[in-house]
Amino acid sequence: MTPPLLTVEGLRTHFFTRAGVVKAVDDVSFTLARGEVMGLVGESGSGKSITGYSIMGLVDPPGRVVAGSIRLDGRELTTLDPESMRKLRGNRVAMIFQDPMMTLNPVLRIDRQMTEAILAHDDVGERVALGRARDALERVGIPSPDERLKAWPHQFSGGMRQRVAIAIALLNEPDLIIADEPTTALDVTIQGQILHEVQKLARETGTALVWITHDLSVVAGLADRVCVMYAGRIVEQGTTAQVLDTPAHPYTQGLLDSVPSRNARGARLKQIPGMTPSLIGLAPGCAFRERCARADADCAETPAMSVDGNDPGRGVRCHHPIVPWTQPPR
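One structure accompanies this document, and this report is about it. (Residues numbered from 1 in each chain as written. Predicted model: local features only at pLDDT ≥ 70, side-chain atom pairs only at ≥ 80, totals over all residues. Heavy atoms only, no water.)

1. Some words on the sheet that holds strand 9 (residues 225-230)
What the 8 strands build is an open sheet, ordered 6-7-8-3-9-10-12-11; its pairing is mixed. One side of each edge strand has no neighbouring strand; the edge strands of this open sheet are strand 6 (93-96) and strand 11 (306-308). Sheet twist, expressed as the mean angle between neighbouring strand axes with direction ignored, is 25°. In the sheet, strand 6 pairs with strand 7 (residues 176-180) via 4 bridges, with the strands oriented parallel. By the bridge assignment for strand 7, V93 is matched with L176. Along the sheet, helix 10 (residues 250-257) contacts strand 9 and strand 10 (233-239); its crossing angle with strand 9, the most-contacted strand, is approximately 100°. (Pairing = 2+ DSSP bridges. Helix = DSSP H or I, 4+ residues; strand = E, 2+ residues; numbered from the N terminus. Axes fitted to C-alpha atoms, helices over the stretch in contact; angles between N-to-C directions. Contact = heavy atoms within 4.5 Å.)

Here it is, written out as C-alpha cells:
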C-alpha cells in the first residue's frame, strides 16, 4: 500500500491571548494521498484556515503549534527550522490565499513576481523561468499572457488577480497545494474553469489538494473526500458521497439543510440554531450540543472520533450519529 503524502496527527494550534487560550485547532488528524482532493468545510471560525496555516508553518505569535505531528512524505514539518521550511514553501508545498493581495506585491510587475518564485527554488535561466510563468498564466485562463506578464497587480480585476495567485502556486508543480477559499471572489464561470484546472492538475501531476471552503456545492463537484470541522475539531470525515449523501453528524446535516437549493421553493430557509461557541475556555463535552436537537446527558462528555468498522476512512465524532454505525472489531 502506498504511504500517504501528508499525515496530520493530533494537531493542536493555540493562540495565547490576554483573554485566555484560544484552541483554534484541537486534536485534528487526517491523511492525504498523492493526487487526492480533500475538502475541509465548516462555518467561519471552525479552524479550517488555521489548520492550513499550521501545515504551511505560517502561524504567527501569539499562536503556535503546541502538539501533534505534520509529516510530508514522511518528513516531520513541525520540527523544521525556519530556513528549511522556507525552502519547502512555494516549492513542495504551496498555498492559495482567499485575498490575492496577500500573495501579490503591489510594487512589482507580474513577471518579476512569478520568475522570482521559480528562481528561488530552481536553478534555471531567466528565459526559462519567464516561459514557465507564461505557461502558468495560460493554464489558469488568463488571455494574452505575454502582455499580462508585463502588467502590475492594480491593472487586474479582483478575479484576475486571484487567477495570477493560483498560477503562482502552480509554478513549481508542488506536491501539495492548500487552497483557502480561493474562488470566493470569482464569478461562477471563472470558478468553474479554475475548479476544472485544479482537478486536471491533481490527476496529471499527482499534486494533492486541501480545498478549504464553506461552499458545499464546490466540494460536491471537486473533492474526493471531505472533512467537516467545528470548534477546532474534525467532527466527520469520509468520501464526498458518504458525507454529503448520508451525513452522520447533526452539524453536517445542518450545513446541508442550510443550502438554499435543498429547500422547497417559497419555504423559509433552514438554519442551524444558535452560534458557534467561543474557543476561549471551551467547556468539556461536545461543542455542538447547545445547538443540537439530538443532544442529551451523554454529550457532556467529549466524544472521540468513532470509525466505521466496515470502512476505516469513515469517521464521526458524535455520541448519537444520524446513520447506523458499525463499531470496529475489538
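2. Some points on helix 1 (residues 48-56)
A large share of helix 1 lies buried, amounting to 8 of its 9 residues. One or two positions beyond helix 1, positive phi appears at G57, with a value near 70°. (Buried < 20%, exposed > 50% of the residue type's maximum accessible area, 1.4 Å probe, protein only.)

3. Considerations on the environment of V59
Checked against the element boundaries, V59 lands in the loop between helix 1 and strand 4 (63-72). In sequence terms V59 and T13 are 46 residues apart; their C-alpha atoms lie 8.5 Å from each other. If we ignore the near neighbours within four places in the chain, the residues touching V59 are T13, F15, Y53, S54 and R64.

Don't take any of this as a statement about function, it's just geometry.
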